[in-house]
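# Chains, contacts and geometry: an overview
Here is how the chains run, residue by residue.
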Amino acid sequence: MAAIALSVSTVKPLGDRIFIKISESEEKTAGGILLPDSAKEKPQVGEIVAVGPGKRNDNGTIQTIDVAVGNKVLFSKYSGTDIKLGTEDYVLLSEKDILAIVS
């Protein structure tokens, strides 16, 4: 099996999939207590770095995706596939798992 070097620029999502860079989670509570990595919750906010062409309808046309590269989005907590490239965390998920665009 050959090893493949992946980077953000080499990942192109297919269909209605979206590639998101996850925002860092909080390291302290509101009271100032430092949290260990095992106690941190999975972040649900991230920035879109790549978008697929869209979902193909029954009649063969492609329905475009409502979000674009650079949008900050809120997504479902346990959705998508977690991917680690270098030291950065990413998630690859379907458009239906995006809940809102955060401004």
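Scroll up to find the structure this text is about.
Predicted model only: the values in this text are computed from it and were never measured. (Residues numbered from 1 in each chain as written. Predicted model: local features only at pLDDT ≥ 70, side-chain atom pairs only at ≥ 80, totals over all residues. Heavy atoms only, no water.)

Once that is clear, we can look at the overall build of the protein chain. Helix and strand counts for the protein chain stand at zero helices and eight strands. Each helix (α) and strand (β) of the protein chain, taken in turn from the N terminus, gives the series β-β-β-β-β-β-β-β. Counting over 103 residues, the protein chain shows a buried share of 23%. When contacts within the protein chain are restricted to residue pairs at least 6 apart in sequence, long-range pairs at least 24 apart make up 63% of them. (Helix = DSSP H or I, 4+ residues; strand = E, 2+ residues; numbered from the N terminus. Buried < 20%, exposed > 50% of the residue type's maximum accessible area, 1.4 Å probe, protein only. Contact = heavy atoms within 4.5 Å.)

Let us look at the pairing of strand S2 (residues 45–51). Taken together, the five bridges between strand S1 (residues 17–22) and S2 define a ladder with antiparallel strand orientation. When the sheet's bridge partners are listed, phenylalanine 19 is paired in S2 with alanine 50. Pairing analysis gives three bridges linking S2 to strand S5 (residues 72–75), with the strands arranged antiparallel. In the sheet register, valine 45 faces S5, and the bridge partner there is leucine 74. (Pairing = 2+ DSSP bridges.)

Before going further, it helps to spend a moment on the side chain of aspartate 97. Structurally, the position occupied by aspartate 97 is in the loop between strand S7 (88–94) and strand S8 (98–102). One buried charge, aspartate 97, has no salt-bridge partner; the nearest side chain with opposite charge is lysine 96, at 5.4 Å. Beyond its immediate chain neighbours, meaning those up to four positions away, aspartate 97 contacts Phe75, Ser76, Ser79 and Gly80. (Lys, Arg positive; Asp, Glu negative; His and termini not counted. Salt bridge = Lys/Arg side-chain N within 4 Å of Asp/Glu carboxyl O.)

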